[in-house]
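# Chain and residue survey
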Amino acid sequence: MSSKRILFIGGSGIISSACVARAVAVGHDVTVLNRGGSSSLRPLPPEVRQVVGDIRDPDSVREALGRQGGDPLEFDVVCEFTAFTPDHVRVDLELFEGRIGQYVFISSASAYQTPPSRLPVTESTPLVNPVWDYSRDKIACEDLLVAAMRERGFPATIVRPSHTYDATLLPTLGHWTDVARMRAARPVVVHGDGTSLWTITHHSDFAVAFVGILGNPMAVGDTFHITGDHAPTWNQIYGWLAEAAGVADPEFVHVASETIAAVHPEWGPGLLGDKAHSMVFDNAKVKALVPEFRTTVTFDEGARRIIEFHDAHPELQQVDPVADAAFERILALPRR
């Protein structure tokens, strides 16, 4: 594989940080554009060139990249992790169209038909999410890029991650509040009956596939989801967290997702528009281009890493009083 000049827009998030590290590890020349600073939880590798600019302001981007010398927009690949609306994508088209070899847009697997009419989900599954604005905005971004590809040959690649995590992120409804409740021998709310299948992917595994398609001409003009092949039930996810937290006999209370959303509407879109439904993916398409991609971190191990990391960083053990109160209201409802 030849080295590529890669620009990451973002770079300190859960997914992007792993992709930056992987791109450096395999020998790419990596630049990260963001608004300044470096995450203490996910610091940039020392080999990365960091430039400060606001991607929402094209002139500031041109100026920031121009200070590096040479053509300020001369990159083989641009990876966009911070575009969430069509207006964001329009700015990128203004900046990069005609100047780069590949533009990689991070969409979302939550854009797929919800609930899916059949499993596993493939890249040809319709993009229809009637519940979650976030997902509908990502669909609109994809529509804009597909039009640019068809009409003007814009070299876009669309990537749809599913639930991707690292040691900093608990995947459950209440995040650390759930662990605190388990350790205090308090009941924990699990949506549905806990038996739906949920694909959950460690960010280091995701990065292998993602970096593998960068600069690959076979990926330009195409769409891929990148998820693991590991799809435990929610009961297993909560159970592994409890085991890692040293809780031998946690009390899980199963509550309909619709009831949870009615009591605490803030959880509604992400729950009813995503997590309430089984989601299993066929990764054959991306594996054809990146055959080394596979699941190496299953969530039994991932849960141990999450709890160990949080136990080593007490400042991250934040109990959300709003979520905690919502759980109490849910648990106070009559149960059949």
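Below, the structure is looked at part by part. (Residues numbered from 1 in each chain as written. Predicted model: local features only at pLDDT ≥ 70, side-chain atom pairs only at ≥ 80, totals over all residues. Heavy atoms only, no water.)

The subject of this paragraph is the state of the cysteines. Overall, the coordinates contain zero disulfides when judged by the stated rule. Of all cysteine sulfurs, the one in Cys-79 lies closest to Cys-19, which takes part in no disulfide; the gap is 7.6 Å. Here Cys-79 falls in the buried class, since its relative accessible area comes to 0%. (Disulfide = S-S within 2.5 Å. Buried < 20%, exposed > 50% of the residue type's maximum accessible area, 1.4 Å probe, protein only.)

The geometry of an aromatic ring pair is captured by the separation of the ring centres together with the interplanar angle, meaning the angle of the planes. Under the definition given, this model contains 12 aromatic pairs. One aromatic cluster is present, built from ring pairs that chain together Phe-8, Phe-81, Phe-206 and Phe-210. For Lys-285, the ring lying beneath its charged end belongs to Phe-224, and the centroid distance is 5.2 Å. (Phe/Tyr/Trp six-rings, centres within 6.5 Å; stacked < 30°, edge-to-face > 60°. Lys NZ or Arg CZ within 6 Å of the ring centre and 35° of its normal.)

What follows concerns the environment of Phe-252. Turning to its location among the elements, Phe-252 is positioned in strand 11 (residues 252-255). With a relative accessible area of 22%, Phe-252 lands in the partly exposed category. Expressed as a C-alpha distance, the spacing of Phe-252 and Pro-187, which sit 65 residues apart in the sequence, is 5.8 Å. Once residues lying within four places of it in the same chain are set aside, the contact partners of Phe-252 are Met-182, Val-188, Val-190, Asn-235, Tyr-238, Gly-239 and Ala-242. (Helix = DSSP H or I, 4+ residues; strand = E, 2+ residues; numbered from the N terminus. Contact = heavy atoms within 4.5 Å.)

Here we take up helix 2 (residues 58-66). Counting along an α-helix, one turn takes 3.6 residues, and residues three or four places apart therefore face a common direction. Those residues of helix 2 lying buried are Pro-58, Ser-60, Val-61, Ala-64 and Leu-65. Down the axis, helix 2 shows its buried residues gathered within 160 degrees of arc, on one side only. Residues Asp-59 and Glu-63 are exposed on helix 2 and point more than 90 degrees away from its buried face. Elements in contact with the buried residues of helix 2: strand 1 (5-9), strand 2 (29-34), strand 3 (49-52), strand 4 (75-80) and helix 3 (86-96). (Arc of directions from axis to C-beta.)

For residues besides glycine, phi is generally negative; the peptide bonds are generally trans as well. Following Thr-114, the chain continues to Pro-115 via a peptide bond in cis, the omega torsion being -5 degrees. Mapping Pro-115 onto the fold places it in the loop between strand 5 (100-106) and helix 4 (133-152). Backbone torsion omega between Leu-119 and Pro-120 reads 0 degrees, so that peptide bond is classified as cis. With respect to the element layout, Pro-120 can be found in the loop between strand 5 and helix 4. For His-175, which is not glycine, the phi torsion reads 55 degrees and is therefore positive.

In short, geometric facts, not functional conclusions.
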